[in-house]
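Results of the structural survey
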Amino acid sequence: MPEATDVRKLARACITRISKTLIAERRERILPEFRLDSFQQRVVDSQARFMRVVAPAGSGKTRTLIAKAINVLDANDNSRVLCLTFTNAAANEFRERASKLHTSLANRLQVSTLNAFGYDTLKVTNESLKVVSPSNKIIGVAYGVIKKLMPESSIWGGETQPQFYAPILELADMTKSLGFDHLADRSEAQEQYSFVEALDMVPLLQNLMAEIGIEDSPKTAFTSTWFPFWKKLTEKLWKSNLITLDDQKYWALNRLANHGGTQQWLCGKRFSHILVDEFQDINILDLFLISQIALVTEASLIIVGDDDQCIYEWRGCTSLFIQRPDLFFESVLGDQEFETVLLKRNYRCPHNIVIHSKHLINTNQDRIEKDTVPMREDDADIRIIPLPAAYMTMNVVDELAAFLADKHPQHTVAIVGRKKCQLIPIQILLTRRGTKFAIDTDLNVFGGKAFQDFRKFMEFPKIYTQARQTSKNVEDLLALLNRIKKTPVSKQENQEIHKWLSEKKPKTLQEAVIKFSEYPGKFKRGFVQPKEVTSDLIFFLESTSVVASLYRAGDVFKGFQKDFVKSKEDIFYSDPPFSHLADLAVNYDNDFDAFLSDIDRAIERAAGADPRGAKIELMTALRTKGREFDTVIVLDVNDGIWPNKKSQEEGRLEEERRLFYVTVTRTKNNLLLFESGRVQGQRMAASPFIQEMALPTSAWLSDPQLERLSHELLAQLKI
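Note that the coordinates shown come from a computational prediction; the quantities given were computed from them, not determined experimentally.

Examining the packing of helix α26 (residues 530–541) against helix α27 (residues 546–556)
Where α26 contacts α27, the axes come no closer than 8 Å and their chain directions differ by 160 degrees. Judged by the angle between their axes, α26 and α27 are roughly antiparallel. Taken as a pair, α26 and α27 cross one another with a handedness that is left-handed. Together, D536, F539 and F540 of α26 and S549, R552, A553 and V556 of α27 make up the contact between the two elements. Looking at the contact of α26 with α27 residue by residue, the class counts come to four nonpolar, one polar and two charged.

In structure tokens:
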């Protein structure tokens with residue numbers, strides 16, 4: 001009889017091999033569609049505690065992250081993974097695709113936006129917090145806190161100024177986003193300011209400080225004037241249980257840094273790995289919060305993103321964080337460093353889109369060098385359509401969208417403008433034709449009071465000399481006066497003018513305007529002499545064409561002009577659309593009735609249309625991030641718009657180029673770049689970005705014939 005041996009000892013020799021085989025087979029059952037390339041597999045297999053994954057557009061980033069999570073969770077029953085994203089859409093996509101995991105694995109995976117994670121962190125110790133946003137009534141309570149604090153500050157001369165409530169709250173949030181700490185003293189604030197300055201982000205503070213009346217030199221104004229007020233405001237809002245969206249992250253950082261109970265709560269989650277998606281989109285506050293989470297949990301940290309898609313500089317983001325993570329995570333790394341893996345294959349975009357977008361983005365100097373390889377063999381249909389004027393572009397895009405909606409109702413289309421106001425004429429044309437489309441609510445200008453007042457004014461040139469009731473003429477003149485300057489006339493002045501003018505009994509609006517030139521009263525709020533005001537009003541009211549009336553309205557009525565503070569309540573003021581509507585108005589000549597009728601249809605649609613199911617979407621370039629469409633149509637690809645003039649003046653061309661890169665890489669099949677020779681009444685050259693794409697001459701549509709252009713483009717599209 002052979003000597004007995006413990007089979008468990010014999011099994012140990014091969015148990016590792018057996019385990020690896022079973023785990024690999026289980027992975028195949030869990031996610032059979034996951035076939036990783038060698039670069040993606042390197043991410044999954046790496047044992048590095050700190051890893052940077054550079055993931056260009058279309059490189060299978062989400063698939064790689066999910067595969068990494070599976071590998072981590074499947075390899076160790078004690079593993080816990082926290083995946084942080086920056087949008088709800090990204091979090092939902094990750095959850096949906098990760099839902100195919102076994103329940104035992106999914107229960108150990110938490111997917112959250114950074115904001116939601118911060119809010120959950122705060123609720124551990126305070127269930128009474130109320131989130132302040134412009135869309136809820138709680139913002140009035142926050143304004144009440146500001147109202148009480150304003151007289152204590154020298155900034156506003158000891159007075160309460162309600163017009164500054166909204167920008168004060170915005171500047172307070174920006175101060176947090178840029179990493180300032182309300183518990184810091186002045187010298188520490190100066191150190192943080194120097195850091196912000198080194199990142200070239202001071203203009204974000206400077207512009208907002210100017211909006212609330214702080215005009216001193218930026219550093220002195222910030223540290224000596226604004227910072228003390230901000231510290232008080234931050235503390236008062238917190239004690240009132242009021243938090244903004246940025247506070248969800250700011251106070252989570254504060255609690256994780258200073259509150260033992262909150263730290264214990266996080267440690268109790270037992271996260272072994274932290275995955276951060278879209279890392280190029282983080283600002284300084286996000287960086288600090290992610291660092292604090294990593295420090296408390298002592299977890300492995302994997303950051304994923306693409307510096308070429310960093311397009312949110314306006315909220316304090318910078319490509320430097322993903323370009324140099326070893327520098328910015330120094331407090332967490334100790335003596336370690338980030339391993340870098342570059343995903344080199346683009347699976348989403350057509351072959352020529354990858355090639356030509358690479359030519360474009362390679363023009364940028366400050367970037368991680370990449371050599372992306374297109375995996376699709378087919379090409380997109382890329383067309384550059386030069387047209388003499390913007391109104392022609394609008395008409396062709398309108399007709400093309402209608403054809404696609406009718407003939408190919410499942411074909412997805414993005415109509416993209418660099419600015420919000422470029423989309424307004426397209427909305428009017430699509431509505432007139434009855435083409436179903438979708439646009440985000442906060443981009444829809446038609447529902448605000450400013451646009452409704454503007455629409456009313458556009459009727460005045462038509463009825464200027466018509467006999468009407470005295471009361472109507474007086475009321476309309478007062479409406480005009482309330483928009484002639486930035487600040488409307490006071491209630492008392494309004495009553496005095498109404499009484500005086502009513503006694504004159506003007507039979508027409510024209511007569512009311514002329515009579516007002518004789519008004520003997522005085523104005524307190526910046527009005528010039530009534531004769532000068534009358535001259536401006538006559539200049540507008542005697543317009544004989546729709547185009548002229550639009551340009552003149554933009555010049556005459558200061559109350560309709562760009563206003564940062566007012567734009568928080570009404571999108572109209574963020575970029576008033578007069579000149580773009582004037583481009584559209586070429587179609588109408590002097591037919592005010594037809595123009596107003598189309599405007600009214602657009603207003604009616606904005607109030608009640610159901611966009612669900614629409615395959616045609618209107619959006620700004622910033623909204624294209626993370627989306628893809630069968631066809632992408634880009635409006636007015638001209639120098640001065642792409643890149644915009646302000647960015648050129650401020651030396652921010654690389655930011656603009658990244659934005660254009662993100663836009664053109666959203667297409668799955670067709671890219672149409674419309675270049676308008678005349679935009680907003682000015683001649684414009686083609687965007688330099690077109691040349692930088694190194695497109696073949698065949699991409700240019702030579703001598704396009706307007707009457708059949710839409711049909712020709714439709715015939716060439718890949719459907």
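Notes on the pairing of strand β1 (residues 50–54)
Side-chain positions along a regular strand alternate between the two faces of the sheet. Most of β1 is tucked away: five of the five residues are buried. Neither face of β1 is open: one carries F50, R52 and V54, the other M51 and V53, and all of them are buried. Here β1 pairs with strand β7 (residues 300–305) via five bridges, running parallel. Bridge pairing in β7 links M51 to I302.

Structural notes on the layout of surface pockets
Approximately 560 Å³ is the volume found for the second largest pocket. In this structure, the second largest pocket is lined by 28 residues; those nearest its centre are G179, D181, Q192, L253 and F288. The set of elements that each furnish at least two residues to the lining of the second largest pocket consists of α9 (186–198), α12 (245–258), α14 (284–297), α16 (325–328) and α17 (330–333). By residue number, the principal contributor to the lining of the second largest pocket is α14, which donates six residues. Partitioned by chemical class, the residues of the lining of the second largest pocket number 16 nonpolar, seven polar and five charged.

Focus: the environment of R108
For R108, the location among the structural elements is in the loop between α5 (103–106) and β3 (109–113). Given the relative accessible area of 10%, R108 is considered buried. Each C-alpha atom, one on R108 and one on K668, is 35 Å from the other, the two residues being 560 residues apart in sequence. Once residues within four sequence positions are removed from consideration, R108 is found in contact with L73, N76, D77, N78, S79, R80 and V81.

Concerning the pattern of salt bridges
For the structure on display, the rule yields 39 salt bridges. Between R658 and E313 there is a salt bridge whose closest N-O contact spans 2.4 Å. Taken together, the residues R658 in helix α32 (residues 653–664) and E313 in the loop between β7 and α15 (320–323) connect sequence positions 345 residues apart. Here R658 and E313 have matching classes, each one buried. Put simply, K61, D277, E278, D281 and K625 are held in one network by salt bridges that share partners.

Quick notes on the sheet that holds strand β15 (residues 629–634)
The six strands are arranged β11-β16-β15-β12-β14-β13 in an open sheet whose pairing can be described as parallel. The two strands at the open ends of the sheet, each matched to only one other strand, are β11 (381–387) and β13 (438–439). By the bridge criterion, seven bridges tie β11 to strand β16 (residues 667–676) in an arrangement that is parallel. The residue bridging R383 from the neighbouring strand is L672, located in β16. Packing of helix α20 (residues 423–433) onto the sheet brings it into contact with β12 (413–417), β13 and β14 (616–620), and relative to β14 it is tilted by some 160 degrees. Strand contacts of helix α34 (residues 706–716): β11 and β16, with the helix running at about 170 degrees to β11, the strand carrying the most contacts.

A short note on empty space enclosed by the protein
Using the criterion set out here, one finds three cavities of 30 Å³ or more in the structure. Approximately 110 Å³ is the volume attributed to the largest cavity. Lining the largest cavity are 14 residues, and of these V354, S357, K358, T372 and Y661 sit closest to its centre. If you tally residues by element for the lining of the largest cavity, the top one is helix α18 (residues 351–361), at four residues. Class assignment of the residues belonging to the lining of the largest cavity gives a composition of six nonpolar, four polar and four charged. Residue lining of the second largest cavity: K420, C421, I424, L443, V445, I571, F572, S574, D575 and P577, and that is the complete set. Residue classes in the lining of the second largest cavity are distributed as seven nonpolar, one polar and two charged.

Concerning the sheet that holds β1
Strand order in the open sheet formed by six strands is β3-β2-β6-β7-β1-β8, and the pairing between neighbours is parallel. Strands at the two margins of the open sheet, each flanked by one partner only, are β3 and β8 (339–342). When the angles between neighbouring strand axes are averaged without regard to direction, this sheet yields 15 degrees. By the bridge criterion, four bridges tie strand β6 (residues 273–276) to β7 in an arrangement that is parallel. The residue of β7 that forms the bridge with I274 is L301. Across the sheet, helix α4 (residues 88–98) lies against β2 (81–85) and β3, angled at about 160 degrees from β3, the strand it touches most.

As for the packing of aromatic side chains
All told, the structure shown has 38 aromatic pairs when counted by the stated rule. Between F572 and Y573, the ring centres sit 5.7 Å apart and the planes meet at 80 degrees, which makes this aromatic pair edge-to-face. Exposure remark for F572: the relative accessible area of 0% places this residue in the buried category. What links up through ring pairs into an aromatic cluster is the set F446, F451, F454, F457, F460, F540, F557, F560, F572, Y573 and F578.

So, α14
Between its first and last C-alpha atoms α14 spans 20 Å; for 14 residues at 1.5 Å apiece the expected length is 20 Å, and the two agree. Across the 14 residues that make up α14, a large majority, twelve, are buried. Considered for burial, the residues of α14 that qualify are I284, L285, D286, L287, L289, I290, S291, Q292, I293, A294, V296 and T297. For α14, the capping residue at the N-terminal end is N283, with a side-chain oxygen 3.2 Å from the backbone nitrogen of L285. At the C-terminal side of α14, E298 shows a positive phi close to 55 degrees.

Some words on unusual backbone geometry
That bond from W642 to P643 is cis: its omega, -5 degrees, falls within 30 degrees of zero. With respect to the secondary-structure elements, P643 resides in the loop between β15 and α31 (645–649). Its identity as a non-glycine residue notwithstanding, E278 has a phi of 50 degrees, on the positive side. By the element assignment, E278 lies in the loop between β6 and α14.

A closer look at a nonpolar patch on the surface
Where nonpolar side chains cluster on the molecular surface, the patch consists of Y347, V373 and M375 and spans about 230 Å² of accessible area. With respect to the helices and strands, the residue Y347 is situated in the loop between β9 (345–346) and α18.

Observations regarding helix α10 (residues 202–211)
Inspection of α10 places V202, L204, L205, L208 and M209 among the buried residues, and these make up the whole buried set. Each buried residue of α10 lies within a common arc of 160 degrees when the element is viewed along its axis, so the set occupies one face. Phi turns positive, to about 95 degrees, at G213, one or two residues after α10.

Criteria and cut-off values
Residues numbered from 1 in each chain as written. Predicted model: local features only at pLDDT ≥ 70, side-chain atom pairs only at ≥ 80, totals over all residues. Heavy atoms only, no water. Axes fitted to C-alpha atoms, helices over the stretch in contact; angles between N-to-C directions. Helix = DSSP H or I, 4+ residues; strand = E, 2+ residues; numbered from the N terminus. Parallel < 35°, antiparallel > 145°, perpendicular 65-115°, else oblique. Left-handed = near helix turned anticlockwise from the far one by under 90°. Contact = heavy atoms within 4.5 Å. Nonpolar A, V, L, I, M, F, W, Y, C, P; charged D, E, K, R; others polar. Buried < 20%, exposed > 50% of the residue type's maximum accessible area, 1.4 Å probe, protein only. Pairing = 2+ DSSP bridges. 1 Å grid on protein atoms, 1.4 Å probe; cavity = no way out; pocket = protein on both sides within 12 Å on 5 of 7 lines; lining within 4 Å. Points joined across faces, edges and corners; volume = space filled by probe spheres on them. Salt bridge = Lys/Arg side-chain N within 4 Å of Asp/Glu carboxyl O. Phe/Tyr/Trp six-rings, centres within 6.5 Å; stacked < 30°, edge-to-face > 60°. Expected span 1.5 Å × (residues − 1). Polar contact = N/O pair within 3.5 Å; in protein donor to acceptor, adjacent residues only side chain to side chain. Patch = residues over 30% accessible without salt bridge, like charges linked within 9 Å, V, L, I, M, F, W, Y side chains within 5 Å. Areas by Shrake-Rupley, 256 points an atom, 1.4 Å probe, with all protein chains shown as cover. Arc of directions from axis to C-beta.

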